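Listed below are the residues making up each chain.
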Amino acid sequence: MKKLLCPSILSADFTKLKEDIKEVEAAGADIIHCDIMDGHFVPNITFGPDVVAKVNEITDLPLDVHLMIDNSDKYIKNFADAGADYISVHFENNNHLHRLVNYIKSFGVKAGVVINPATPVSVLSEIITETDFILVMSVNPGFGGQKFIKSSFGKVKELKKMISEKNPSCAIEIDGGIGENNIKELADSGVDMFVAGATVFKAKDRKAKIKELKDLIN
Ligand code: DX5
Ligand code: ZN
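Here's what I pulled together on the structure shown here. Just so it is clear, the structure is predicted and the values come from calculations on it, not from any experiment.

## A word on the site of ligand 1
- Looking at ligand 1, there are 20 residues lining it, with D35, G142, G145, D175 and G197 nearest.
- Backbone polar atom of G142 to an oxygen atom of ligand 1: 2.7 Å apart, as the coordinates give it.
- Where the shell around ligand 1 is concerned, the elements lending two or more residues are β2 (32-37), β3 (63-68) and β8 (193-196).
- If one sorts the elements of the shell around ligand 1 by residue count, β2 sits on top with three residues.
- Looking at the shell around ligand 1, its residues break down into nine nonpolar, nine polar and two charged.

Printed below as a string of structure tokens:
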């Protein structure tokens, strides 16, 4: 599986979102990661389907929509219609994951399940046969620019083993505190998709940073 770099626009400058997205697209970003927060499941609020639809107009890149919201099921269609190519939902606040994952796939969208830092990989043992990807949170969700939680290295290895046994086509995504100091080790451990917010958008030279990160994973 090709390794993919997914800049998170959470750390972009929203006064010039279009320029920022065009810049990372031209620099070789593979996917645009959209962080959706509702102020309930996480303590921060971001944006919804209307903004995602505008992002979809700006870029030709696939959109990866990470839902950090309660009642995700009510909004799947809105995000699919807005142009999401990937949608991930959290294990922690969704009671009927099997139904929800298959509902996401019914729109032709790749479906992922996310686990928080305190959630063990073992909870995925049944749902993993249904998912297109699993997102391992390597920070507590809610904010960009946080420090990578080191126990995530072990979780990725454990997840890779589970995936090899149960669903080898399922990708592993990681999100939170990703940068040049940890991305290669994560790639070597089996991560396929790397979300990077602050590392990309707060870099002095975004183009050079994207090249550096992509060189490290490929
Ligand atoms: C955190 C979000 C992340 C965030 C990552 O809740 O899910 O996608 O943008 O930001 P960095 O890369 O700055 O940790
Ligand atoms: Zn995210």
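## Some points on the side chain of K209
- With respect to the helices and strands, K209 occurs in helix α8 (residues 206-217).
- Exposure remark for K209: the relative accessible area of 16% places this residue in the buried category.
- Leave out the neighbours within four places in its chain, and K209 touches E180, T199, V200 and A203.

Conventions used here
- Residues numbered from 1 in each chain as written.
- Chains lettered and ligands numbered in written order.
- Predicted model: local features only at pLDDT ≥ 70, side-chain atom pairs only at ≥ 80, totals over all residues.
- Heavy atoms only, no water.
- Near = heavy atom within 4 Å.
- Polar contact = N/O pair within 3.5 Å; in protein donor to acceptor, adjacent residues only side chain to side chain.
- Helix = DSSP H or I, 4+ residues; strand = E, 2+ residues; numbered from the N terminus.
- Nonpolar A, V, L, I, M, F, W, Y, C, P; charged D, E, K, R; others polar.
- Buried < 20%, exposed > 50% of the residue type's maximum accessible area, 1.4 Å probe, protein only.
- Contact = heavy atoms within 4.5 Å.

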